[in-house]
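Here is how the chains run, residue by residue.
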Amino acid sequence: MATPSNARLVVLVSGSGTNLQALLDACGDPEYGARVVAVGADRDGIEALARADRAGLPTFVRKLSQFSSREQWDRALADSVAAFDPDLVVLAGFMKLVGPDFLARLEGRVVNTHPALSPSFPGTTGPADALAYGVKVTGATLFVVDSGVDTGPVVAQCVVTVEDDDDVDTLHERIKVAERRMLVDAVGRMAREGFTITDRKVRFG
Ligand code: GRF
């Protein structure tokens, strides 16, 4: 994918939005090559939306409960995102799976950050699952979203050591520090250099 010099990012969130904040901070530098044009969520009252408001960005909320089917929700979400004409859609702690309509319209332009080293520990409990398994290292994975659960082509990964006295919160917080750095670095490269996907291999440039 070739991206324009100032790529348009739409960021989808569900929680505290520290990954969103890291992107907003990076986009403050004109050399970064991207800007956040809108922030969407699947719920309201979250700190991530407050961060977007403070940054003066347009926001939208599409709750599953507002729609009579998951398919309608998915279409409405895709419409809301597409209205901002994004070059890249970043799922940054967005706790819902996007569906077929969303992917048909935006596939190849959607990335998600996951707090585990794919293909290990997919799903919503990656840090807890890594801890329970007893792995010595875990981390985070940025991938191009496909129709599976955390299965898409890998853009970037970062590794974090599991300490003996970690609980889920301390481990996830340590992962998030590395995850934010990885996200900012990889999204910036995607924006500035573009990227290709061949046989699951994602390459910048
Ligand atoms: C991140 O670790 C993300 O990978 C996971 O939830 C966390 C979101 O954190 N799905 P934040 O909302 O960006 O602070």
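Below is a summary of the structure that appears in this document. Keep in mind that what you see is a predicted model, and the values were worked out from it rather than measured.

1. Observations concerning the pairing of strand 9 (residues 201-204)
Phase 1 of the analysis: Bridge count for strand 8 (residues 195-198) against strand 9 is 4 bridges, and the pairing is antiparallel. The residue bridging I197 from the neighbouring strand is V202, located in strand 9.
Phase 2 of the analysis: What sits between the antiparallel neighbours strand 8 and strand 9 is a turn of 2 residues, in which D199 has the positive phi angle 50°.

2. With respect to the environment of S120
Phase 1 of the analysis: Along the polypeptide, S120 turns up in the loop between strand 5 (110-114) and helix 5 (126-133).
Phase 2 of the analysis: Between the alpha carbons of S120 and Y133 there is a distance of 10 Å; along the sequence they are 13 residues apart.

3. Regarding unusual backbone geometry
Phase 1 of the analysis: Note the cis peptide between S118 and P119, where omega equals 10°.
Phase 2 of the analysis: Structurally, P119 is set in the loop between strand 5 and helix 5.
Phase 3 of the analysis: Within the chain, D150 stands out as a residue other than glycine whose phi angle is a positive 60°.
Phase 4 of the analysis: Among the structural elements, D150 can be located in the loop between strand 6 (137-144) and strand 7 (154-161).
Phase 5 of the analysis: Since its relative accessible area comes to 13%, D150 is described here as buried.
Phase 6 of the analysis: Even without being glycine, D199 reaches a positive phi, approximately 50°.
Phase 7 of the analysis: The topology assignment puts D199 in the loop between strand 8 and strand 9.

4. Some details on the site of the ligand
Phase 1 of the analysis: Residues in close proximity to the ligand total 13 residues, the closest being S16, G17, T18, H172 and E179.
Phase 2 of the analysis: One of the side-chain nitrogen or oxygen atoms of T18 is found 2.6 Å away from an oxygen atom of the ligand.
Phase 3 of the analysis: Between T113 and the ligand, the recorded distance is 3.2 Å, taken from a backbone N or O atom to an oxygen atom.
Phase 4 of the analysis: Notes on the ligand: free accessible area 370 Å², of which the protein chains cover 91%.
Phase 5 of the analysis: With 3 residues, the top contributor of residues to the shell around the ligand is helix 6 (residues 168-193).

Reading the values: rules and limits
Residues numbered from 1 in each chain as written. Predicted model: local features only at pLDDT ≥ 70, side-chain atom pairs only at ≥ 80, totals over all residues. Heavy atoms only, no water. Pairing = 2+ DSSP bridges. Helix = DSSP H or I, 4+ residues; strand = E, 2+ residues; numbered from the N terminus. Buried < 20%, exposed > 50% of the residue type's maximum accessible area, 1.4 Å probe, protein only. Near = heavy atom within 4 Å. Polar contact = N/O pair within 3.5 Å; in protein donor to acceptor, adjacent residues only side chain to side chain. Areas by Shrake-Rupley, 256 points an atom, 1.4 Å probe, with all protein chains shown as cover.

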